[in-house]
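Per-entry structural report
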Amino acid sequence: DGGITQSPKYLFRKEGQNVTLSCEQNLNHDAMYWYRQDPGQGLRLIYYSQIVNDFQKGDIAEGYSVSREKKESFPLTVTSAQKNPTAFYLCASSIDLGQRSNQPQHFGDGTRLSIL
Amino acid sequence: KQEVTQIPAALSVPEGENLVLNCSFTDSAIYNLQWFRQDPGKGLTSLLLIQSSQREQTSGRLNASLDKSSGRSTLYIAASQPGDSATYLCAVFPDNYGQNFVFGPGTRLSVLP
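The shown structure was predicted, so the numbers you read here are calculated from the model rather than taken from an experiment. (Residues numbered from 1 in each chain as written. Chains lettered and ligands numbered in written order. Predicted model: local features only at pLDDT ≥ 70, side-chain atom pairs only at ≥ 80, totals over all residues. Heavy atoms only, no water.)

On to the interface of chain A and chain B, then. Between chain A and chain B, the contact holds 25 residues from the first and 23 residues from the second. Linking chain A with chain B are zero salt bridges. The tally of links between chain A and chain B comes to one residue pair in polar contact (both at pLDDT 80 or more). Residue classes in the side of chain A that touches chain B are distributed as 10 nonpolar, 11 polar and four charged. (Contact = heavy atoms within 4.5 Å. Salt bridge = Lys/Arg side-chain N within 4 Å of Asp/Glu carboxyl O. Polar contact = N/O pair within 3.5 Å; in protein donor to acceptor, adjacent residues only side chain to side chain. Nonpolar A, V, L, I, M, F, W, Y, C, P; charged D, E, K, R; others polar.)

Residue and element names in this part refer to chain B. Among the structural elements, Ser52 can be located in the loop between β5 (44-51) and β6 (56-59). With 55 residues separating them in the primary sequence, Ser52 and Thr107 have C-alpha atoms 23 Å apart. With sequence-adjacent residues up to four places away left out, Ser52 is seen in contact with Ile30, Tyr31, Asn32, Leu66 and Lys68. (Helix = DSSP H or I, 4+ residues; strand = E, 2+ residues; numbered from the N terminus.)

Phe25, Leu33, Trp35, Leu75, Ile77, Tyr88 and Leu109 of chain B are the most contacted members of the largest nonpolar core, which totals 22 residues. Listing elements by their share of this core, those giving two or more residues are β3 (19-25), β4 (30-38), β5, β7 (62-67), β8 (72-77), β9 (86-94) and β11 (107-112) of chain B. Non-local contacts of Ile77 of chain B, meaning those with residues more than four positions away in its chain, are made with Glu17, Asn18, Leu19, Arg61, Leu62, Asp84, Tyr88 and Leu109 of chain B. Membership of the second largest hydrophobic core comes to 20 residues, among which are Ile4, Met32, Trp34 and Leu113 of chain A. (Core = buried A, V, L, I, M, F, W, Y, C linked by side-chain atoms within 4.5 Å. Buried < 20%, exposed > 50% of the residue type's maximum accessible area, 1.4 Å probe, protein only.)

The term disulfide refers to a covalent linkage connecting the sulfur atoms of a pair of cysteines. Applying the stated rule across the entire model yields two disulfides over all chains. Disulfide pairing places Cys23 of chain A opposite Cys91 of chain A at an S-S distance of 1.9 Å. Measuring the twist about the S-S bond at about -70 degrees, one finds the Cys23 of chain A-Cys91 of chain A disulfide to be left-handed. Placement of the pair is Cys23 of chain A in strand β3 (residues 19-25) and Cys91 of chain A in strand β9 (residues 87-94), with a sequence separation of 68 residues. Across the pair, Cys91 of chain A and Cys23 of chain A agree in class, each one buried. For Cys23 of chain B, the disulfide goes to Cys90 of chain B, at an S-S distance of 2.0 Å. On the sign convention where negative is left-handed, the bridge of Cys23 of chain B and Cys90 of chain B, at about 75 degrees about the S-S bond, is right-handed. A residue pair is termed long-range when its members are at least 10 positions apart, and Cys23 of chain B in strand β3 and Cys90 of chain B in strand β9 qualify at 67 residues. Across the pair, exposure class does not vary: Cys23 of chain B and Cys90 of chain B are buried alike. (Disulfide = S-S within 2.5 Å.)

Dropping the structure here:
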């Protein structure tokens, strides 16, 4: 079945450490997104990518980095500069960035990141 | 700046009741609106997508309506079941190329057997 796979499901970060969250999709979607979800808040956009080798900052990009070397993969690195990284991270994809196709976004099952 | 709110934040109903979840947005210039379901510790599952030119969409026991001019959408769930218990989020896509979905905080629904 086509879908989005996020790994790991749970991740723990030590002080000063960078960690990388994996996101892989086999839906042949061009656009991919990373969101952060905190309790009681809506999803906030960290980074998004319209096409391979291109990505843009979202609303809360500070302390995060991404790459898009393959269409299927959009890993997110949480760097030591992110001082409050504890959250639920969701990866999503869609056929196109502008949603002009009126096709829905598809989401992975998330990675929960905590501080040790 | 587009803002999305959802009221109530939480709702408990007995099984079998019909219920309505509300979503409000501040800027009526939207391209589409999407309703999602989120189970605890899971990602979002798309339920319904309403294009700006549409007034409603239906899928099974779910019916979503859209009133762009008043900045409102409702999700109607008929004959609720315990399996409907989840958090329901709405998201709007602004009608300005390059922008991305703006999500509401969600309504946490509990359907009691």
